[in-house]
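Below, each chain spelled out in residue letters.
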Amino acid sequence: MNAAVAAAAGQPLLVQAFAEWREAARELLAFDIAPHSVKWLAHGGGGDLFSDAPVDAAALPAIDLRQARPTLHLPRTLMDMLQSAACCRVADRWAFLYRVVWRWQHGEQVVLSAADEDGARLHAMVKAVRREEHDMHAYIRFRERPEADGAPRFVAWFEPAHDVLPQVAQHFVSRMGRISWMIATPDASVLWDGEALHNTGPLMRSAAALDDTGEALWLTYYRSIFNPARLNAKLLASHIPSRFWRHLPEGAAVPAMVSQAGAGARRSGQAEAVGQRRGSTIPIAADQAQPPRAAASTLQQCRRCELWQHATQAVGGAGPAHARIMLVGEQPGDQEDVAGAPFVGPAGQLLDRVLGEAGLDRRKVYLTNAVKHFKWTPRGKRRLHKTPAQREIDACGYWLDQELVQVKPEVIVALGSTALKAVLGSGEVALKDSLGKPVRHGGRWVVAVYHPSYVLRVPDEAAKAQARAVMVDGLRLAQRLLAGDGGHAGR
Ligand code: URA
């Protein structure tokens, strides 16, 4: 009851972290204490007091501390937004978040709408934090240190604009395995010793700025790939905000290269580069080449849903430009996310075997996924697959449609129920009712089979063999449907 008692007495509440705020907010809501009667002591305890209005303790409404009422259950999406927004460095963050939950508790669900003043601010805060997380993933540079007992092997310095270090640290834990590293910032630092994460407090920049033997090599490489003829200084500046440049080793080299480009290197760079070209040969037949799908950079820039934020990259489809059969999976998995190609992990290996059994050559089919970004949840050091939500499948339908228009397959094999929903575009299609029953949709056949990951997961050997046989049958059926058209499985 501490928060409620303090608020009733007009005392400020000192909150430094989201968990503390959540506890305090829960108590305040239980006694229905209005936002204007609460003072929040700003981050760090040494700052100013923030509340919606100055609080006069004598004028506070009487609070009956025996009259606690149950607080409403807050939906997960709201909690997630509050937790994200709590990382946003604005002076009144705790007072603002409390006003949002208080309004929600009083039936004002509109507080989550971007049309509401508080809602719009909440969305903007969440967006700013996600952007900062993304930028920190992208622009942090680890420098390798000489081996020393107990010292981390890689060290990075960064000055985040919001309190995103904990979640960014988790990102690198999942990426860098057992290699030790440290990220230092002016407010806090974290050390990963290969097994556990430690909070080590704020550090000075100089403690993290160490020479790196690999850096000279990197700069030489960077200078060598810099093509002054293709410089677009405006674009360069707009893609990487200037505050990040000083963390990048190449940041110091760029201004000189940009000014050399302006002073003539642009022209001579172009003449030399063009003069050196010997023309190109294409060693593979045109119909074996990758399909002319939308430029990868466009898919890579996709922000149609939120999944891009936690994926390494978008994974587009792969296969002959005009394959007659298209296989659609659910979404890239852990290995596909890193490799940037579909079905290269365990599910892909099983798929290869099943394709072989059905007499189909992987190189003759086009492989893609309903959703192009890996959706996952951390479990220890692993990234566990999470089924995409319908809105994510719908958002990504844009890319699947583009692939269908370009490849023009005659038969689509939907691997699992997410793929089936994505292909048929209807929410309520049961995979089990569709197995072995091809349907005509959008002028082509759609055959449903189990997803290879499902087959891998079936624990019982007999059931596993049966699920696998369903896949093989479906793939044979796909070829018979083509043959009915008088053709072959691939062209
Ligand atoms: N599972 C899928 O659905 N697609 C992949 O690319 C890999 C695993």
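Please refer to the structure higher up on the page.
Every value quoted in this text rests on a predicted model; they were computed, and no experiment measured them.

Asks: When you look at a nonpolar patch on the surface in this model, what are you seeing that I'm missing?
Replies: A cluster of nonpolar side chains, contributed by W218, Y221 and I225, occupies part of the molecular surface with about 300 Å² of accessible area. Mapped onto the secondary structure, Y221 falls in helix α8 (residues 213-225). Classification of Y221 as partly exposed rests on a relative accessible area of 45%.

Asks: Mind showing me how you'd approach the packing of aromatic side chains here?
Replies: The geometry of an aromatic ring pair comes down to the distance between the two centres and the angle between the two planes. Evaluated as defined, the whole model comprises eight aromatic pairs. Judged by centre distance (5.2 Å) and plane angle (75°), the ring pair of F142 and F172 falls under edge-to-face. Note that F142 is positioned in the loop between α5 (117-139) and β4 (143-144) and F172 in helix α6 (residues 165-175), a separation of 30 residues in sequence. For F142, a relative accessible area of 18% puts it in the buried group. Through successive ring pairs, a cluster of aromatic residues spans F142, F172 and W181. For R383, the ring lying beneath its charged end belongs to W376, and the centroid distance is 5.2 Å. Geometry around W445 places R440 over its ring, the cationic atom sitting 5.0 Å from the centre.

Asks: What is the right way to read the sheet that holds strand β5 (residues 154-157) from this model?
Replies: In spatial order, the strands read β4-β5-β6-β7-β8; together these five strands make up an open sheet with mixed pairing. The sheet is open, and its two borders are formed by β4 and β8 (197-199), each paired with just one other strand. When strand β7 (residues 189-192) meets β8, the two strands line up antiparallel, connected through three bridges. Each bridged residue has a counterpart across the sheet, and for L191 the counterpart in β8 is H198.

Asks: Whenever I open this one, the pairing of strand β9 (residues 325-329) confuses me. Can you help?
Replies: For a regular strand, side chains alternate in direction, first toward one face of the sheet and then toward the other. Summarising burial for β9: five of the five residues are buried, a large majority. With burial as the criterion, each face of β9 is covered, one bearing I325, L327 and G329 and the other bearing M326 and V328. As defined by bridge partners, β9 adjoins strand β13 (residues 411-415) across four bridges and the pair is classed as parallel. Looking at the pairing, M326 lines up with I412 of β13.

Criteria and thresholds
- Residues numbered from 1 in each chain as written.
- Predicted model: local features only at pLDDT ≥ 70, side-chain atom pairs only at ≥ 80, totals over all residues.
- Heavy atoms only, no water.
- Patch = residues over 30% accessible without salt bridge, like charges linked within 9 Å, V, L, I, M, F, W, Y side chains within 5 Å.
- Areas by Shrake-Rupley, 256 points an atom, 1.4 Å probe, with all protein chains shown as cover.
- Salt bridge = Lys/Arg side-chain N within 4 Å of Asp/Glu carboxyl O.
- Helix = DSSP H or I, 4+ residues; strand = E, 2+ residues; numbered from the N terminus.
- Buried < 20%, exposed > 50% of the residue type's maximum accessible area, 1.4 Å probe, protein only.
- Phe/Tyr/Trp six-rings, centres within 6.5 Å; stacked < 30°, edge-to-face > 60°.
- Lys NZ or Arg CZ within 6 Å of the ring centre and 35° of its normal.
- Pairing = 2+ DSSP bridges.

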